[in-house]
Each structure stands twice: as structure tokens, then as C-alpha cells.
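A structural walkthrough
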Amino acid sequence: MLVLFETPAGYALFRMADDSKLDDPDNVFRHFVTPEAANQTIKLKAFSKFENTTDALAAVTALVEGKIGKGLKTFLTDEITGKDLNEKLVVGDSKLGAAIAKKFGIKVVTDQGSQELLRGIRSQLSALISGIKDSDMNAMVLGLSHSLSRYKLKFSPDKVDTMIIQAINLLDDLDKELNTYSMRVKEWYGWHFPEMTKIIVDNLAYAKVVKTMGFRSNAADTDLSTVLPEELEKEVKDAAEISMGTEISDEDITNITHLCDQVISISEYRAQLYDYLKHRMAAIAPNLTCLVGELVGARLIAHSGSLLNLSKQPASTIQILGAEKALFRALKAKHDTPKYGLIYHASLVGQAGPKIKGKMARTVATKAALAIRVDALGEAEADADPNADPAAPAVGVELRAKVEDRLRQLENRARLGVGARAAEKSGAAKQAKKFAFVA
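Figured I'd write up the structure that's included with this text.

Conventions and cut-offs
Residues numbered from 1 in each chain as written. Predicted model: local features only at pLDDT ≥ 70, side-chain atom pairs only at ≥ 80, totals over all residues. Heavy atoms only, no water. Helix = DSSP H or I, 4+ residues; strand = E, 2+ residues; numbered from the N terminus. Buried < 20%, exposed > 50% of the residue type's maximum accessible area, 1.4 Å probe, protein only. Axes fitted to C-alpha atoms, helices over the stretch in contact; angles between N-to-C directions. Parallel < 35°, antiparallel > 145°, perpendicular 65-115°, else oblique. Left-handed = near helix turned anticlockwise from the far one by under 90°. Contact = heavy atoms within 4.5 Å. Nonpolar A, V, L, I, M, F, W, Y, C, P; charged D, E, K, R; others polar. Expected span 1.5 Å × (residues − 1). Pairing = 2+ DSSP bridges. Phe/Tyr/Trp six-rings, centres within 6.5 Å; stacked < 30°, edge-to-face > 60°. Lys NZ or Arg CZ within 6 Å of the ring centre and 35° of its normal. Polar contact = N/O pair within 3.5 Å; in protein donor to acceptor, adjacent residues only side chain to side chain. Patch = residues over 30% accessible without salt bridge, like charges linked within 9 Å, V, L, I, M, F, W, Y side chains within 5 Å. Areas by Shrake-Rupley, 256 points an atom, 1.4 Å probe, with all protein chains shown as cover. Salt bridge = Lys/Arg side-chain N within 4 Å of Asp/Glu carboxyl O. Lys, Arg positive; Asp, Glu negative; His and termini not counted. Charge placed at Lys NZ, Arg CZ, Asp CG, Glu CD. 1 Å grid on protein atoms, 1.4 Å probe; cavity = no way out; pocket = protein on both sides within 12 Å on 5 of 7 lines; lining within 4 Å. Points joined across faces, edges and corners; volume = space filled by probe spheres on them. Arc of directions from axis to C-beta.

As for unusual backbone geometry
With phi around 60°, lysine 334 is a residue other than glycine that occupies positive phi space. In this structure, lysine 334 sits in the loop between α17 (324–333) and α18 (347–351). Taking the relative accessible area as the measure of exposure, lysine 334 reaches 76% and is therefore exposed.

Structure (C-alpha cells):
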């Protein structure tokens, strides 16, 4: 019987003379209690050393995926020939064993006894393979494990959407900070020019006007055409002449201007971050983005933890995702459960009337579940058609068209229902009047 054993230094092929020792898996460890007993039980037949860390990483990556690497294929082809093809081969991984059996036509063993045998070899590895110290082997194990971890972290599809999660969380934080700073600017400068708060509603435009104009007395001589439309500029200048605000000092206006600079810089960075998020969502989840928009899609991904986790959720869960507290509160109080969560902010749900929002949320969630699964697990289809654009949201466009048709259908049905009820009430009123006249 032959035994294939993988080490951080290379591949090892052992020969076991007595196969009957594996008949009792519980007592296999007794044959590896001492190095002498291990050498009597099993002998090293061949060893293939890795050339460098890159080769070791490639080999381990193939083993993790249950594939036969180039180095392993060459090693087995050179060492298992002639009579060895009629012997059994012990392999630790069942998936790798199936691939070896299919490739070389050799009988592979992956039962409990083989696992105990490999555990015994691992315990006496330094005695079975001469020339490798325990300290060197431990260093190889540590280095290879770090390389494999970095490789999996770099190429893992689960980690790509981490950028989306961080970006949408930062975007929400920036919105909170921006609202706080803008409110503080309006309250602070409102003591000097209170009328401008009602004239200019936009926070960014308000901050730019304050920074450009300074004191309200400078309004008549200040050109605000780059910040405001002509109508608003005239209204601001007229209001400045009759303002009832108090006077402030140069130090006050300096500090207010510094706060305006913060509002402007945060607003510019938020616009840049939104563009980044939009491009990332178009690349990672194009179908979901086409259906519900980049902000709602990103919040759904962030709420689930990853795109892959979101793809495992049923449509009923996606529909109320973000309304968990309201759901459990309703279940506890035995009230009606919520009809929507984060998906309420999708444009297709927002377009629906109040009476059909629940139905539209259910429809959008159903189609979103399909779009998410295509985005998360649809790599095989993209590979099958090399001419197809992997970022083209073909499924998302089709699903959105179906949801829009459903929206029109529900709106027409609601409109017809209102008309029918009105006609029914009118007919009932006429009938009642007729009988009242007869009476």
C-alpha cells in the first residue's frame, strides 16, 4: 500500500508493507508511538521538494480546492509506475483522491483508518523524512500558512464587497456630520442674517454664500452669480438691506467661515465617495443596482455582511431586511408585521401608491433575490460566453421591466377598483332614492 503525504517542504510517498494494520483504526496510533516503531511500519519511497514558496503556495492552493497540481501530477506520474498501479493509495482528502483515481486509474483509500495513519505519520514526520528538522518544518508551516492566508484574502470573492460596506457606512456618517455642521452654520450665521435661512434651502449653497459674502453689508457689492441663480441672488441682496439681524465681529465671521469651509470640503468628498460607490456597485452587483439603485443595494449588502450572505436570503427576508425590530415587536404584540424595510427606499417602491406599496415591495424583493444570486454566483455564465460583458446588467434590466409592468398593472387595477366602487355607491344611492320616492 502506498501513502501520499503533503508537507510544507514537498510531497512524500510512503510504502506500507502490512495493510492489515489499518483493519483496526483505533489501534493504528500504537504503531507510531516511537520513531523506531514508525520506521518499521512505513518507509519513505520518494520525496519531491518544492523549489520555492511560490511553488509551495500553488501546490497548497490546488490541494485546498481538491485539484491535482502540476507538481503533484509530475511526481505521481514518475513514482507510481508498473506494479505500483495495482496497489492502493492512501490520500487524506476525498475530493483529491477522487481526482487522482480518475486521472491515474489507481484505487484510492480515504477511510477512517487512512486518516489515523496520516495522523501517525504527522506525529513522527521528522523521523520518517531525514534531513528536515522540527524547527525548520515549523518555520515552513508558519510561512506557508501566512502566504496562503494572504492569497485567500486577496482573491476571495467574499472580500471584494468589503469596500462597498465601508463606503456606504462612511457615506451615512458623512451625511450625519454634514447635517450637523450645516445646521450649526445656519443657526450661527442666522443671528446676523436670519432671512437668508428661508431663502436658501440647500446647505452647500448656503455655506458658499456665507463664505463669499461675509457680512450681510457686503451683499450689494458681492457677485453671487457663481453660487446662486439670478432670482435667488436678487432676493438675498434685497433681504440683506432690510435684515433685522444683529451685528457680529470680525472674529465671529472668521470662525463661521472656517465652519463653512468644513461643510464645503465634506460635501465635495461626499460627492467623490458617492461616485466611487456607484462604480463599485456597477462592477460587483450590476443587476441589483439596476433594479433598486446603488444606495439601497449597498445598504442591503452592508446589512447582510456580504453579497454572498445576501444571496442566501429568501425574498421574504430581503423584503423586511432592516425592519427586524419592528418585526419582532409586531410578533410579540401579535400585530401586523411590517411590509418593507430598507427596500422601501427603492425608486420602484417609492413610485407606488400608498395602498399598493406592500405589493410592490414584495415584487421588488422577489426580483431582487434573483438579481443578487446572479451577481454573486453568476461567474460560470460569464465564463461560458467570452463575448459577453461581465458588467452588463442584462438580467437586472429584464427584471426591472417586469417590475415596472407589474406596477402599471397594480395602478390600473387600483384605479379601476376606485371607479367601480364609486359607480357602485352611485347606483346604490339612486336605488335608495327611488324606493324612498315610492314609499
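Examining the packing of helix α8 (residues 162–190) against helix α10 (residues 203–213)
Relative to each other, α8 and α10 sit at 45°, their axes nearing to 10 Å. Classified by the angle between their axes, α8 and α10 sit oblique to one another. The two elements α8 and α10 meet at a crossing, and its hand is left-handed. Contact residues: Asn179, Ser182, Val185, Lys186, Tyr189 and Gly190 in α8; Asn203, Tyr206, Val210 and Met213 in α10. Class assignment for the residues of the contact of α8 with α10 results in five nonpolar, four polar and one charged.

As for the packing of helix α12 (residues 250–284) against helix α14 (residues 294–304)
A pair of packed helices is captured by two measures, namely the crossing angle of their axes and the spacing between those axes. In the contact formed by α12 and α14, the axes pass within 10 Å of each other and the chain directions differ by 75°. On the basis of their axis angle, the class for α12 and α14 is roughly perpendicular. When α12 is examined against α14, the residues Tyr274, Leu277, Lys278 and Met281 are found in contact with a partner set consisting of Glu294, Leu295, Gly297, Ala298 and Ile301.

Let's talk about α8
A turn of α-helix holds 3.6 residues, and therefore any two residues three or four places apart point the same way. In this model, α8 (29 residues) spans 42 Å end to end at C-alpha, consistent with the 42 Å of a helix rising 1.5 Å per residue. Taken residue by residue, α8 has Ile164, Ile165, Ala167, Ile168, Leu171, Leu174, Leu178, Ser182, Val185, Lys186, Tyr189 and Gly190 as its buried positions. Next to the buried residues of α8 lie α9 (195–199), α10, α12 and α14.

Structural notes on the pairing of strand β1 (residues 2–6)
Successive side chains on a regular strand alternate, one facing one side of the sheet and the next facing the other. Across the five residues that make up β1, a large majority, four, are buried. Pairing of β1 with strand β2 (residues 10–16), which is carried by five bridges, proceeds in the antiparallel orientation. Paired with valine 3 across the strands is phenylalanine 14, a residue of β2. Where β1 and strand β4 (residues 88–90) come together, two bridges link them in parallel fashion. Following the sheet pairing, leucine 2 is matched in β4 by leucine 89.

Points about the packing of aromatic side chains
Counting across every chain of the model gives four aromatic pairs. Ring centres of tyrosine 340 and tyrosine 344 lie 4.9 Å apart, and the angle between their planes is 40°; this geometry places the pair in the tilted category. A connected cluster of aromatic rings, assembled from ring pairs, spans Tyr11, Phe50 and Phe75. Its guanidinium or amino end placed over the ring of tyrosine 206, lysine 186 lies 5.7 Å from that ring's centre, counting from NZ or CZ.

Notes on the side chain of asparagine 287
Its location among the elements puts asparagine 287 in helix α13 (residues 286–292). Accessibility expressed as a relative area gives 5% for asparagine 287, which makes it buried. One polar contact links the side chain of asparagine 287 to the main-chain amide nitrogen of valine 395, over a distance of 3.3 Å. One polar contact links the side chain of asparagine 287 to the main-chain amide nitrogen of glycine 396, over a distance of 2.7 Å. Aside from chain neighbours lying at most four places away, what touches asparagine 287 is Ala371, Val374, Asp375, Pro393, Ala394, Val395 and Gly396.

Digging into a positive patch on the surface
Together, Lys339, Lys359, Arg362 and Arg413 line one region of the surface with positive charge. On the secondary structure map, lysine 339 appears in the loop between α17 and α18.

Remarks on the pairing of β2
Where burial is concerned, most of β2 is hidden: six out of the seven residues are buried. Where β1 folds back on β2, the antiparallel hairpin that results is connected by three residues. Across seven bridges, β2 lies against strand β3 (residues 42–49) in antiparallel orientation. Across the sheet, methionine 16 pairs through a bridge with isoleucine 42, a residue of β3.

Considerations on empty space enclosed by the protein
A complete count under the given rule lists one cavity of 30 Å³ or more for this structure. Size it by volume and the largest cavity reaches roughly 30 Å³. Mapped by element, the contributors of at least two residues to the lining of the largest cavity are α8 and α10. Of the residues contributing to the lining of the largest cavity, the split by class is four nonpolar, two polar and one charged.

Quick word on the environment of isoleucine 132
By secondary structure assignment, the location of isoleucine 132 is in the loop between α6 (125–128) and α7 (134–155). Separated by 123 residues in sequence, isoleucine 132 and alanine 9 have C-alpha atoms that sit 8.7 Å apart. Leave out the neighbours within four places in its chain, and isoleucine 132 touches Ala9, Phe47, Ser126 and Met137.

Points about helix α4 (residues 94–104)
Every buried residue of α4 is accounted for by Leu96, Gly97 and Ile100. Buried residues of α4, viewed axially, fall in a sector of 100°; they line one side. Seen from the open side of α4, the exposed residues pointing more than 90 degrees away from its buried face are Ser94, Lys95 and Lys102. As for α4, its buried residues are in contact with β1, α2 (53–64), α3 (70–79), β4 and β5 (107–109). Within two residues after α4, glycine 105 carries a phi angle of roughly 70°, on the positive side.

Section: the sheet that holds β4
Spatial strand order, β3-β2-β1-β4-β5: five strands in an open sheet with mixed pairing. Each edge of the sheet is formed by a strand with only one pairing partner; in this case those strands are β3 and β5. Each strand axis lies, on average, 25° off the axis of its neighbour in the sheet, ignoring direction. Running at roughly 30° to β2, α3 makes contact with β1, β2 and β3 of the sheet.

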